[in-house]
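# Structural characterization, general
So the chains spell out like this:
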Amino acid sequence: MSPAKLPSSKKKDKKEEKPLSRKGVLAIEKRKHPRLFLELPFDYSRKGKKTDFGGIVKNAGEGGILVYLPEKIDVGELLKLEIYFAKGLELNTVQGVAKIVWADLAARETWREHRYGLEFHSMPKGMIQKLKNLLKDLGETHKS
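Structure report, in brief. Quick caveat, the model's predicted, so the values are computed rather than measured.

Moving on to the overall build of the chain. Each helix and strand counted, the chain has two helices and six strands in total. Scanning the chain from its N terminus toward the C terminus, one meets helices and strands in the order α-β-β-β-β-β-β-α. Within the chain, the proportion of its 144 residues that are buried is 30%. Intrachain contacts of the chain at a sequence separation of at least 6 include 55% that bridge at least 24 residues.

Here it is in structure tokens:
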């Protein structure tokens, strides 16, 4: 007679059998146009007012920009923009009107900076292509 195998006295812990799950946040890009991280100066004025203020563009895409401004502005307000950039030895601008679609207190609120998401509302003829060219040129520069 052959000896029968006896069941092992060691029992596997069920917890060990389960694969460990990874916890985290998955951010899915919902924008139509990808964003390019950059830092460009710009001037803006509130629609209908003559006073200009300065701000910084932190990222940009064909649909809009992320900016830091020195003042608190309500969501929904329209701003007239002029973004400055150098192309070779020339100073160029992209001009248009953008709508504030979200607002957030910046980490540097004590320095009177407020963070906003702006969506382009309207641009003069030729400015959209100028913006696309700027983003393309800056994107190629960042890849090199």
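Side chains bearing opposite charge may pair, as long as their charged atoms lie close to each other. Considering all chains together, one arrives at five salt bridges under this definition. Here arginine 46 makes a salt bridge to glutamate 71, at a shortest N to O gap of 3.2 Å. Within this pair, whereas arginine 46 is found in strand β1 (residues 36–46), its partner glutamate 71 is found in the loop between β3 (64–69) and β4 (78–87), the two being separated by 25 residues in sequence. You'll find arginine 46 and glutamate 71 in the same group, each marked buried. Among the ionic contacts, a cluster of salt bridges with common partners joins Arg46, Glu71 and Glu77.

What counts as what
- Residues numbered from 1 in each chain as written.
- Predicted model: local features only at pLDDT ≥ 70, side-chain atom pairs only at ≥ 80, totals over all residues.
- Heavy atoms only, no water.
- Helix = DSSP H or I, 4+ residues; strand = E, 2+ residues; numbered from the N terminus.
- Buried < 20%, exposed > 50% of the residue type's maximum accessible area, 1.4 Å probe, protein only.
- Contact = heavy atoms within 4.5 Å.
- Salt bridge = Lys/Arg side-chain N within 4 Å of Asp/Glu carboxyl O.

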